[in-house]
Amino acid sequence: MRNYILFIFLLFGTIFSKVYAQIPGGVYMYHDGLCKNLILIKDQYISFICFDDSNKRFHYTWGGPIEGQENTLNVAIEYNSQDSTAIGKKTPLSYRIQNDSLRLKTANAYHLYIKQKSHPQDLDALWRITSRQQEGKMQNIPKADRKTIKLLVDGYFQWIAINPAQKGFYGTGGGYYQYDNNQYIERIQFFSRDNNRVGQELKFEGEIVDNGWHHKGKSSKGDNIYEIWSKEIAK
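In this text, all values refer to a predicted model and were calculated from it rather than measured experimentally.

What counts as what
- Residues numbered from 1 in each chain as written.
- Predicted model: local features only at pLDDT ≥ 70, side-chain atom pairs only at ≥ 80, totals over all residues.
- Heavy atoms only, no water.
- Helix = DSSP H or I, 4+ residues; strand = E, 2+ residues; numbered from the N terminus.
- Buried < 20%, exposed > 50% of the residue type's maximum accessible area, 1.4 Å probe, protein only.
- Contact = heavy atoms within 4.5 Å.
- Areas by Shrake-Rupley, 256 points an atom, 1.4 Å probe, with all protein chains shown as cover.
- Pairing = 2+ DSSP bridges.
- Phe/Tyr/Trp six-rings, centres within 6.5 Å; stacked < 30°, edge-to-face > 60°.
- Lys NZ or Arg CZ within 6 Å of the ring centre and 35° of its normal.
- Salt bridge = Lys/Arg side-chain N within 4 Å of Asp/Glu carboxyl O.
- 1 Å grid on protein atoms, 1.4 Å probe; cavity = no way out; pocket = protein on both sides within 12 Å on 5 of 7 lines; lining within 4 Å.
- Points joined across faces, edges and corners; volume = space filled by probe spheres on them.
- Nonpolar A, V, L, I, M, F, W, Y, C, P; charged D, E, K, R; others polar.

Asks: So what's going on with the overall build of the protein chain? Which residues, and what values?
Replies: Within the protein chain, the regular secondary structure consists of one helix and 18 strands. Counting over 235 residues, the protein chain shows a buried share of 44%. Long-range contacts, defined here as pairs at least 24 residues apart, represent 40% of the contacts in the protein chain between residues at least 6 apart. Here the protein chain displays about 13,200 Å² of accessible surface, and carbon together with sulfur accounts for 48% of that area.

What follows is the structure in structure tokens.
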């Protein structure tokens, strides 16, 4: 009987610790003057972004796959626009959940990231581009070290072009998105390559076919695009 009680205690303790360790996915934000500090979490992947959309200034982004432990979040860094030497390292961050928001320690200081309103949509996921139309034909993009991923969660999006193996960061952009009746709309809040893109609204056709996201329209440069994105499994 005593062994049975001990087994139940250990079982529930293990389950509790795993549930406790998971930060709820979604969008979190804190303001530092005019700068917005944004966290996107989806599919065990996290991205930190700092930008000032009122002055069209992008500051930095970093992130990667995450593993949670009690009061500690371990980030396996896949990209860092400020410090390439951080790529490939694991960074532990202390945190606690506070009234549905996230108190997280970064740069030796705790900040309270307020959880933004939940707005789930069918495209919410971590995606990787796997095909692109060129000269009228779809060309497969095989899985490789260099990749472009896109994180969509609760009405926010971010794309990131990276090569973790070579510590390469090639650009990012993001902001708000809306997906309804096969219409996909982006409103750009930050863009690392060209701040003049901030404030643009881009409209696309979008639908999910055989688990692939088919994405058609015009890029921020006005070029015709047709892309297929597949869900990425963060490891």
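Asks: Go over the pairing of strand 11 (residues 137-140), please, and point to the residues and values.
Replies: The sheet contact formed by strand 10 (residues 125-134) and strand 11 spans four bridges and is antiparallel. Residue pairing in the sheet places Ser 131 in a bridge with Asn 140 of strand 11. Linking strand 10 to strand 11, which pair antiparallel, is a turn of two residues; within it Glu 135 sits at a positive phi near 55°.

Asks: Describe the packing of aromatic side chains, and please don't skip the residues or the numbers.
Replies: By the definition in use, this model includes eleven aromatic pairs. Geometrically, the ring pair formed by Tyr 184 and Phe 204 is tilted, given 5.9 Å between the ring centres and 45° between the ring planes. In this pair, Tyr 184 sits in strand 15 (residues 183-191) while Phe 204 sits in strand 16 (residues 201-209), placing the two residues 20 residues apart along the sequence. Both residues of the pair, Tyr 184 and Phe 204, belong to the buried class. An aromatic cluster of at least three residues, connected via ring pairs, comprises Trp 127, Tyr 177, Tyr 184, Phe 204, Trp 213 and Trp 229. Positioned above the aromatic ring of Tyr 110 is the side chain of Arg 96, whose terminal nitrogen or guanidinium carbon lies 5.7 Å from the ring centre. The residue whose ring lies beneath Lys 150 is Trp 229, and the NZ or CZ to ring-centre distance is 5.5 Å.

Asks: Hey, could you go over the pattern of salt bridges for me, with residue numbers and the actual values?
Replies: Tallying each qualifying case throughout the model produces eight salt bridges. Across the pair Lys 36 and Asp 53 runs a salt bridge, and its minimum N-O distance is 3.2 Å. In this pair, Lys 36 sits in strand 2 (residues 35-42) while Asp 53 sits in the loop between strand 3 (45-52) and strand 4 (57-69), placing the two residues 17 residues apart along the sequence. With its nearest N and O atoms 3.2 Å apart, the salt bridge here joins Lys 147 to Glu 78. One end of the pair, Lys 147, is in strand 12 (residues 147-153); the other, Glu 78, is in the loop between strand 5 (72-76) and strand 6 (79-80), with 69 residues separating them in the sequence. Each of the two residues, Lys 147 as well as Glu 78, counts as buried. Here the residues in one salt-bridge network are Glu 78, Arg 128, Lys 143, Lys 147 and Glu 232, joined through shared partners.

Asks: Explain the layout of surface pockets to me, and be specific about the residues and the numbers.
Replies: Put simply, the largest pocket is a space of about 820 Å³. Listing elements by their share of the lining of the largest pocket, those giving two or more residues are strand 10, strand 12, strand 13 (156-163), strand 14 (168-180), strand 15, strand 16 and strand 18 (224-231). By residue class, the composition of the lining of the largest pocket is 15 nonpolar, six polar and twelve charged.

Asks: Go over the side chain of Asp 124, please, and point to the residues and values.
Replies: Relative to the helices and strands, Asp 124 resides in the loop between strand 9 (109-115) and strand 10. Once you skip the residues sitting within four places of it in the chain, Asp 124 turns out to touch Lys 42, His 119, Leu 152, Val 153, Asp 154 and Tyr 177.

Asks: Tell me about the environment of Cys 50, and name the residues and values.
Replies: Among the structural elements, Cys 50 can be located in strand 3. Take Cys 50: its relative accessible area is 7%, and that puts it in the buried class. Sequence-wise, Cys 50 and Lys 36 are 14 residues apart; in three dimensions their C-alpha atoms are separated by 5.6 Å.

Asks: Give me the pairing of strand 16: which residues, what numbers.
Replies: Where strand 15 meets strand 16, five bridges bridge the pair, whose relative direction is antiparallel. In the strand pairing of strand 16, Tyr 184 is matched with Phe 204. In terms of strand pairing, strand 16 meets strand 17 (residues 212-218) through six bridges, oriented antiparallel. Its bridge partner being in strand 17, Ile 208 is matched across the sheet by Trp 213. Counting the residues in the hairpin turn of strand 16 and strand 17 gives two residues, including Asp 210, whose phi is positive at 50°.

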